[in-house]
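# Structural overview
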Amino acid sequence: MPNTEDTHGGRVPARPTDAGDLGRRVAHRRTELGLSRELVAERGGLDPGFLEYLETHPTPVGVGTLTRLADALDTTISDLLGGGHDTPHGRARANARVRLEELDPAACWARLSPGGVGRVVLTAPRGLVALPVNYRVLDATILFRTTENGTLATAADTEVAFEADQLDDVFATGWSVLVNGTLAVVSDEEAVRWFRQHADPSPWAGGTRDTWMRIRPTGISGRIIRPEGPPIVGPA
């Protein structure tokens, strides 16, 4: 288990269990965002040489540096550490130093645009279901792939909701975005070929998932829980 120190009334990881894994997660997230090491270092107030060493060598890192890395990479400390992946998010105690804000549509799309995993909420024969999908955003629509005769494909031409979020269990903060819209099968072969080249969601579940689906939004809304003022952390 990682060492911890008590801040914000909760437990804050001071060192990752495997610093090599931390470096790989930092490099993956940086590449995902299309950022150079120099830019990430500048955004986080870090030395570019240190960042390069962190990405290529097992390196102990303090909580202050972890906080700056998470901010620079627009992610969470929890995700960088890879901790808690076998348990649901949100078990941390509430943080008194936060504020809840509504996100405008532009801010909602900015958070969805990198793609990732979200949930499609729809009515199935057994009732309401929420199914996770790997998605991409293109031209203000949600794209994902599924099986030809699966629950999602058979729900084409119905109204659905799509939800994605990010939570930080360290500081009890996060955001969520909800999209309402119509689910449709993408049948145009030229469009499918273009999507494969530029916006392929690459489903983690594997198998044959060659049916492309699109959610055309009729509304979008979101909320964010922000920390108030600078975070209170222990020594780096």
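Residues numbered from 1 in each chain as written. Predicted model: local features only at pLDDT ≥ 70, side-chain atom pairs only at ≥ 80, totals over all residues. Heavy atoms only, no water.

The number of helices and strands found in the protein chain is seven helices and nine strands. The buried share of the protein chain, taken over its 236 residues, is 42%. A sequence separation of at least 24 residues applies to 69% of the contacts in the protein chain between residues at least 6 apart. Carbon and sulfur atoms make up 50% of the accessible area of the protein chain, which totals about 12900 Å². (Helix = DSSP H or I, 4+ residues; strand = E, 2+ residues; numbered from the N terminus. Buried < 20%, exposed > 50% of the residue type's maximum accessible area, 1.4 Å probe, protein only. Contact = heavy atoms within 4.5 Å. Areas by Shrake-Rupley, 256 points an atom, 1.4 Å probe, with all protein chains shown as cover.)

A word on helix H6 (residues 105-112). Taken as a whole, H6 has its buried residues at Ala107, Cys108, Trp109 and Leu112. On the buried face of H6, the contacting elements are strand E3 (98-103), strand E5 (127-138), strand E6 (141-146), strand E7 (159-168), strand E8 (173-185) and strand E9 (211-227).

This next bit is on the layout of surface pockets. Approximately 1500 Å³ is the volume attributed to the largest pocket. Forming the boundary of the largest pocket are 42 residues, of which Asp79, Gly115, Gly116, Val117 and Trp204 lie nearest the centre. Elements with a minimum of two residues in the lining of the largest pocket: helix H1 (19-33), helix H5 (77-81), H6, strand E4 (116-124), E5, E6 and E7. Looking at which element gives the most residues to the lining of the largest pocket, the answer is E5, with six residues. A per-class count over the lining of the largest pocket returns 16 nonpolar, 15 polar and 11 charged. (1 Å grid on protein atoms, 1.4 Å probe; cavity = no way out; pocket = protein on both sides within 12 Å on 5 of 7 lines; lining within 4 Å. Points joined across faces, edges and corners; volume = space filled by probe spheres on them. Nonpolar A, V, L, I, M, F, W, Y, C, P; charged D, E, K, R; others polar.)

Glancing now at the environment of glycine 181. By the secondary structure assignment, glycine 181 is in strand E8. Exposure remark for glycine 181: the relative accessible area of 0% places this residue in the buried category. With 35 residues separating them along the chain, glycine 181 and arginine 216 place their C-alpha atoms 5.2 Å apart.

This brings us to the nonpolar core. One finds Leu112, Val120, Phe144, Phe162 and Ile215 to be the most contacted residues of the largest nonpolar core, which totals 26 residues. Elements supplying a minimum of two residues to this core: H6, E4, E5, E6, E7, E8 and E9. If we skip the residues at most four places from it in the chain, valine 120 touches Val129, Ala130, Leu131, Val133, Phe144, Leu152, Val160, Ala161, Phe162 and Ile215. (Core = buried A, V, L, I, M, F, W, Y, C linked by side-chain atoms within 4.5 Å.)

The next subject is the packing of helix H2 (residues 37-44) against helix H3 (residues 48-56). In the contact formed by H2 and H3, the axes pass within 9 Å of each other and the chain directions differ by 115 degrees. The orientation of H2 relative to H3 falls into the category roughly perpendicular. Helix-helix and strand crossings are classified by hand; for H2 and H3 the assignment is right-handed. Counted together, Arg37, Val40 and Ala41 of H2 and Pro48, Leu51, Glu52, Glu55 and Thr56 of H3 form the full contact between these two elements. (Axes fitted to C-alpha atoms, helices over the stretch in contact; angles between N-to-C directions. Parallel < 35°, antiparallel > 145°, perpendicular 65-115°, else oblique. Left-handed = near helix turned anticlockwise from the far one by under 90°.)

Look at H2 against helix H4 (residues 63-72): their axes get within 8 Å of each other, and the N-to-C directions meet at 120 degrees. Between H2 and H4, the angle is such that the two are oblique. Between H2 and H4 lies a crossing of right-handed hand. Side by side, H2 and H4 meet where Val40, Arg43 and Gly44 of the first sit next to Arg68, Asp71 and Ala72 of the second.

Moving on to the pairing of E4. Looking along a regular strand, one sees the side chains alternate between the two faces of the sheet. Where E4 and E5 come together, nine bridges link them in antiparallel fashion. Residue arginine 119 lies in a different strand from E5, and its bridge partner there is proline 132. Between the antiparallel neighbours E4 and E5 lie two residues. Inspection of the sheet shows E4 paired to E7 by three bridges, in the antiparallel sense. Counterpart to valine 121 in the pairing with E7 is alanine 161. (Pairing = 2+ DSSP bridges.)

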